[in-house]
Amino acid sequence: MSASSTRLLVLGLLNEGPKHGYEINQVVTAGALDQWTGVKPGSVYHALAKLELEGLARTFSQERTGDRLRRVYAITPEGRETLRDLLRKALAAPPHSTRSDFALALRWHALLDTGEAGELVAAASQAVAAERAALAAGRTAKRGLSPLADALFDNAEAHLAADARLLEELARLLAGSQENVRG
C-alpha cells in the first residue's frame, strides 16, 4: 500500500511499547495485516530506519540473539504527534477507494484478443471468491475481537459481494458482446 500505511502501522505498534523489526514483522504476519493493509513485512525495516532518521523513532536498546544484534526502537514525542496526524488523516478518509485501474482497463478491453477480457474478468471473479473465503476465515479466527472489528468485517464482505456482482454482470455483458461480434 502506501508509505503512510506502513508509517501508521509501525508508529502505532511502537506507541504500544518498544519493539524490534522482527517483532513488528511477527505482528504483521500473525495478524495477516499485509492482507488487510497492504503493508508488507519487508517494508518494516526500511520504515524503522526512515522514522529514526526523521526523529520519529529512536533506538531504545540493542539485543543480541545468536550472532545478530537487534535494534529495539521506541517512539519519540514527535513520532506520537505524527501518529496522531496519520490517525486523523486515515479516519477522515473513506474506508474504501473507488479509484481503480480496473475501471481504466475496462475502457479499452476491446484491444485484447477475442475472449481475453472475459477470461480476465473470470480470473478476477475467482480472486474475489478467494478473498471472500480468506475474509470468512479471518472473521472466524478473530471472532469476538470487538464490535469495531465486526463492523470492518461486515464492510469488507459488503464490498467483496458488490465486486462479485459487478464481475458477474461484466462477464454477462462481455459474453453478449462476443455473441454480437460472431453474429
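The structure under discussion appears in the preceding block.
What counts and how
Residues numbered from 1 in each chain as written. Predicted model: local features only at pLDDT ≥ 70, side-chain atom pairs only at ≥ 80, totals over all residues. Heavy atoms only, no water. Helix = DSSP H or I, 4+ residues; strand = E, 2+ residues; numbered from the N terminus. Rg over C-alpha atoms; globule rule 2.2 N^0.38 Å. Buried < 20%, exposed > 50% of the residue type's maximum accessible area, 1.4 Å probe, protein only. Contact = heavy atoms within 4.5 Å. Areas by Shrake-Rupley, 256 points an atom, 1.4 Å probe, with all protein chains shown as cover. Lys, Arg positive; Asp, Glu negative; His and termini not counted. Charge placed at Lys NZ, Arg CZ, Asp CG, Glu CD. Axes fitted to C-alpha atoms, helices over the stretch in contact; angles between N-to-C directions. Parallel < 35°, antiparallel > 145°, perpendicular 65-115°, else oblique. Left-handed = near helix turned anticlockwise from the far one by under 90°. Nonpolar A, V, L, I, M, F, W, Y, C, P; charged D, E, K, R; others polar. Salt bridge = Lys/Arg side-chain N within 4 Å of Asp/Glu carboxyl O.

Caption draft 1: Highlighting the overall build of the protein. Along the protein, the regular secondary structure elements total eight helices and three strands. Written out in order from the N terminus, the α and β elements of the protein read α-β-α-α-α-β-β-α-α-α-α. In summary, the protein has a C-alpha radius of gyration of 21 Å against a globular reference of 16 Å for 183 residues, an excess of more than 25%. Oriented by its inertia axes, the alpha-carbon framework of the protein measures out at about 75 × 35 × 35 Å. Counting every position in the protein, which comprises 183 residues, the buried fraction comes to 27%. Here the contacts in the protein between residues at least 6 apart in sequence split such that 57% fall between residues at least 24 apart. A total accessible area of about 12,200 Å² is found for the protein, and carbon and sulfur atoms account for 58% of it. Counting 22 positive and 22 negative side-chain charges, the protein places the averaged centre of each group 6 Å from the other.

Caption draft 2: The arrangement of the packing of helix α2 (residues 21-30) against helix α4 (residues 43-53) in detail. One way to put it is that α2 packs onto α4 with a least axis distance of 9 Å and a crossing angle of 135 degrees. Compared by their axis directions, α2 and α4 come out oblique. Regarding α2 and α4, the two cross each other, and that crossing is right-handed. Counting all contacts with α2, which are made through G21, Y22, I24 and N25, the residues of α4 involved are V44, Y45 and L48. Class assignment of the residues belonging to the contact of α2 with α4 gives a composition of five nonpolar, two polar and no charged.

Caption draft 3: A look at the pattern of salt bridges. One pass over the full model with this rule turns up eight salt bridges. With its nearest N and O atoms 2.9 Å apart, the salt bridge here joins R71 to E52. One end of the pair, R71, is in strand β3 (residues 68-75); the other, E52, is in helix α4, and 19 residues separate them in sequence. Overall, R71 belongs to the partly exposed group, its relative accessible area being 36%. The partner of R88 in a salt bridge is E81, and the shortest N-O contact between them spans 3.6 Å. Accessibility expressed as a relative area gives 35% for E81, which makes it partly exposed. Several salt bridges share partner residues, and in doing so they unite E81, R84, D85 and R88 into one network.

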